[in-house]
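# Secondary and tertiary structure notes
Single-letter residue listing:
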Amino acid sequence: MRLTLQRALSTLAIVLSAATIASAQTDDPLPSAEDIVAKMMQFDAQRQSQLTGYTATRRYVAVNKSRRAEMLVHVDCAGDGAKRFTVLSEEGSGSIRKHVFHKLLSEETEASRHGTRNSTRLIPANYDFQFVGQEKLESGPAYVLAVSPKTANKYLIDGKIWVDANDYSIVRIEGQPARNPSFWVHDVHFVHTYEKVGPFWFASATRTKSEIRIFGSSELTIENSDYTLNPPIDITEADRQARLIQ
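The structure contained in this document is the topic of the report that follows. Owing to the predicted nature of the structure, the values given are computational and were not obtained by experimental measurement. (Residues numbered from 1 in each chain as written. Predicted model: local features only at pLDDT ≥ 70, side-chain atom pairs only at ≥ 80, totals over all residues. Heavy atoms only, no water.)

### A look at the nonpolar core
To keep it simple, the criterion reads: Nine residue types can take part in a nonpolar core, namely buried Ala, Val, Leu, Ile, Met, Phe, Trp, Tyr and Cys, and a core is a set of them joined through side-chain atoms within 4.5 Å. Burial status follows relative accessibility: with a 1.4 Å probe on protein chains alone, a residue under 20% of its type maximum counts as buried, one over 50% as exposed, and anything between as partly exposed. Runs of E in the DSSP output that reach at least two residues are strands. Runs of H or I that reach at least four are helices, and both are numbered from the N terminus.
Within the largest apolar cluster, 21 residues are counted, with the highest numbers of intra-cluster contacts made by Tyr54, Tyr60, Phe101, Phe202 and Tyr227. Those elements giving two or more residues to this core turn out to be β1 (53–63), β2 (68–78), α3 (94–112), β9 (200–212) and β10 (216–229). Per-element accounting of this core gives the leading share, 5 residues, to β2. Formed by 19 residues, the second largest nonpolar core is a distinct cluster that contains Val37, Phe129, Leu145 and Ile173.

### Some remarks on the environment of Ala38
As for its placement among the helices and strands, Ala38 is situated in helix α2 (residues 33–50). For Ala38, a relative accessible area of 44% translates into the label partly exposed. Considered as a pair, Ala38 and Tyr168 are 130 residues apart in the sequence and their alpha carbons are 9.4 Å apart.

### Remarks on the environment of Arg47
Mapped onto the elements, Arg47 comes out in helix α2. Residue classification places Arg47 among the buried residues on the basis of a relative accessible area of 12%.

### Thoughts on the pairing of strand β7 (residues 170–177)
Quick reminder of the rule: Two strands are said to pair when DSSP picks up at least two bridges between them.
Here 7 bridges tie strand β6 (residues 157–164) to β7, and the two strands are oriented antiparallel to one another. Across the sheet, the residue bridging to Lys160 is Glu174, located in β7. Hairpin remark: β6 followed by β7, antiparallel, with 5 residues in the connecting loop; positive phi at Tyr168, about 55 degrees.

As structure tokens, then:
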């Protein structure tokens with residue numbers, strides 16, 4: 001009986017060992033943060049070369065203990081990333097609309113300009129990246145990276161990003177600004193999600209909680225919808241040659 005048990009245990013050990021070896025051989029090693037970021041930038045450059053711009057509708061809603069405001073905006077983004085906003089409607093607290101909504105539009109317009117856009121992008125020049133793990137999102141498997149800003153810029157973030165494991169697009173961001181937006185606002189935390197439109201990923205929703213002096217806890221929700229891609233630009237051979245000369 002003892003010999004039979006020993007043989008059974010030995011056989012089990014061999015089977016488990018073989019299964020472990022087979023599993024190790026079939027599982028792909030996890031990429032490093034450097035590899036993920038490199039592919040993220042490579043794929044992003046390819047998509048940006050194809051993107052000729054888009055339009056969308058955006059809805060802002062802000063609420064605190066005593067006030068509420070809403071604003072509906074048309075977004076027009078050019079192929080170079082520069083944005084223009086047209087306010088379609090607004091209602092509620094005039095103070096929130098003036099000091100929150102319109103300030104957000106002004107700052108995003110400024111940040112989208114080519115001269116400032118590179119200083120706010122999620123790239124190694126602006127951030128340190130650290131691999132955290134993997135998660136399964138509704139959009140599919142994603143790599144999770146911790147991001148730390150290299151400067152205390154109010155346009156940069158301190159938190160985590162989720163990178164789609166298939167096309168290396170950022171599909172979720174969570175964290176807080178590297179620096180408080182102003183003396184009046186602190187303890188800001190946000191969750192930013194994306195949706196796929198054709199081959200591109202665009203902002204879907206942003207949910208932000210913050211503490212505002214005098215008014216207390218406040219919530220801001222930004223929802224994007226009705227994305228429409230601009231048609232591709234038909235560049236003739238003469239145009240290509242002209243651009244090369246320039």
